[in-house]
Amino acid sequence: MPTSHGAAKAGATSPRAPRLQVHLSYGVPRRGLPAPASFRRWVQAALHGAGHRRAAEVAIRLVDADEGRALNARFRGKDYPTNVLSFPAEPPPGLRLALLGDLALCAPVVMREAQAQGKRPRDHFAHLTVHGVLHLLGHDHEEAAAAEVMEALEKRILAGLGIADPYADD
């Protein structure tokens with residue numbers, strides 16, 4: 001069953017933060033996965049780091065390898081599970097919604113990559129959540145210049161979360 005996390009309450013002396021809703025659903029057992037509050041924190045950090053200052057809503061589904069493979073095949077034509085897929089919302093012209101879109105994180109792929117790269121799984125989930133949110137905001141890495149901008153933004157956001165440069169060993 002999806003869980004929803006409403007807006008953080010602003011302190012009496014701080015300006016009210018834009019409303020953020022993160023809906024998290026599980027297609028895998030939750031054991032060993034980061035807490036829902038962590039995903040919310042990572043989404044919020046990505047939005048803030050990218051300069052997004054409006055209300056936002058993001059749905060995140062943690063999937064198994066079969067669901068990840070099916071989604072990747074259907075939407076990207078690639079017959080294997082990938083670590084993160086981003087599905088930006090496409091509202092009709094003139095309609096402005098808080099909904100940014102959906103992310104699908106393939107838990108077994110993320111865990112396997114973290115182990116292979118010598119990273120903490122939690123840090124890798126954080127990186128891929130930030131990466132996916134940046135895609136929802138329109139960033140991409142198809143061309144070298146755009147990739148540099150996106151990677152620099154990811155590094156800065158992750159550093160703010162106390163997470164090392166995910167591209168340091170690439």
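Quick look at the structure, then.

Parameters at a glance
- Residues numbered from 1 in each chain as written.
- Predicted model: local features only at pLDDT ≥ 70, side-chain atom pairs only at ≥ 80, totals over all residues.
- Heavy atoms only, no water.
- Salt bridge = Lys/Arg side-chain N within 4 Å of Asp/Glu carboxyl O.
- Helix = DSSP H or I, 4+ residues; strand = E, 2+ residues; numbered from the N terminus.
- Buried < 20%, exposed > 50% of the residue type's maximum accessible area, 1.4 Å probe, protein only.

Some points on the pattern of salt bridges
Move 1: Scanning the model with the defined rule gives four salt bridges in all.
Move 2: The partner of Arg69 in a salt bridge is Asp79, with the nearest N and O atoms 2.8 Å apart. Of the two residues, Arg69 sits in helix 2 (residues 65–76) while Asp79 sits in the loop between helix 2 and strand 4 (84–88), which places them ten residues apart along the sequence.
Move 3: On the accessibility criterion, Arg69 (37% relative accessible area) is partly exposed.
Move 4: On the basis of relative accessibility, which here comes to 52%, the residue Asp79 falls in the exposed class.
Move 5: One salt bridge in this structure joins Asp165 and Lys155, with 3.8 Å as the shortest N-O distance. Taken together, the residues span a long stretch of sequence, with Asp165 in the segment after helix 5 (144–160) and Lys155 in helix 5 at a distance of ten residues.
Move 6: According to the relative accessible area criterion, Asp165 is partly exposed, its value standing at 33%.

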